[in-house]
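Residue-level listing of the chains:
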Amino acid sequence: MNSGSRRAAAALLARLKQGVEAGNDQFVIRLNELAEAYGTGAKKEILEDLGTGWEARTDEEGLIVSRNIPKEVAIEQLGQRLGDLVGSLG
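Residues numbered from 1 in each chain as written. Predicted model: local features only at pLDDT ≥ 70, side-chain atom pairs only at ≥ 80, totals over all residues. Heavy atoms only, no water.

Asker: It is not clear to me how the overall build of the protein should be interpreted in this structure. Could you clarify?
Answerer: Across its full length, the protein carries four helices and three strands. Reading the helices (α) and strands (β) of the protein from amino to carboxyl end gives α-β-α-α-β-β-α. Against the globule reference of 12 Å for 90 residues, the protein gives a C-alpha radius of gyration of 12 Å, in line with a compact fold. The principal-axis extents of the C-alpha atoms in the protein amount to approximately 30 × 30 × 20 Å. Going through the 90 residues of the protein one by one, you find that 38% of them count as buried. Within the protein, counting contacts between residues at least 6 apart in sequence, those at least 24 apart form 60% of the total. As displayed, the protein offers around 5000 Å² of accessible surface, 47% of which is attributable to carbon and sulfur atoms. The protein carries 11 positive and 14 negative side-chain charges, and their two centres are separated by 3 Å. (Helix = DSSP H or I, 4+ residues; strand = E, 2+ residues; numbered from the N terminus. Rg over C-alpha atoms; globule rule 2.2 N^0.38 Å. Buried < 20%, exposed > 50% of the residue type's maximum accessible area, 1.4 Å probe, protein only. Contact = heavy atoms within 4.5 Å. Areas by Shrake-Rupley, 256 points an atom, 1.4 Å probe, with all protein chains shown as cover. Lys, Arg positive; Asp, Glu negative; His and termini not counted. Charge placed at Lys NZ, Arg CZ, Asp CG, Glu CD.)

Asker: Looking at this structure, how should I read the sheet that holds strand β2 (residues 54–59)?
Answerer: Backbone hydrogen bonds are what pair the strands of a sheet, in a parallel or an antiparallel way. Taken in spatial order, the three strands make up an open sheet running β1-β3-β2, and their pairing is antiparallel. In this open sheet, the two strands that pair with only one neighbour each are β1 (26–29) and β2. Across the sheet, the mean angle from the axis of one strand to that of its neighbour is 25 degrees, orientation sign disregarded. Note that β1 and strand β3 (residues 62–67) share four bridges and pair antiparallel. Bridge pairing in β3 links glutamine 26 to serine 66. Lying over the sheet, helix α3 (residues 43–50) contacts β1, β2 and β3, oriented at roughly 150 degrees with respect to β2. (Pairing = 2+ DSSP bridges. Axes fitted to C-alpha atoms, helices over the stretch in contact; angles between N-to-C directions.)

Structural data, given as structure tokens:
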């Protein structure tokens, strides 16, 4: 993953983290946003970044990711991955 992709992935995960903090369980990620961060058809990659307790499905609007874990666990997972990504940007 190059630095541009890492930045895009960090921005995407930050948006999801803010949404979870606000109490949202489900998010739509536009396919162009997903491709910018992870590459085309990167459903597996985003699920790896989100961690356990998430699922994804594709519809006409994009990729829909849903959390199936407690809010606090999701926030912690996203925060850890964000820290890793931001740290890798140097």
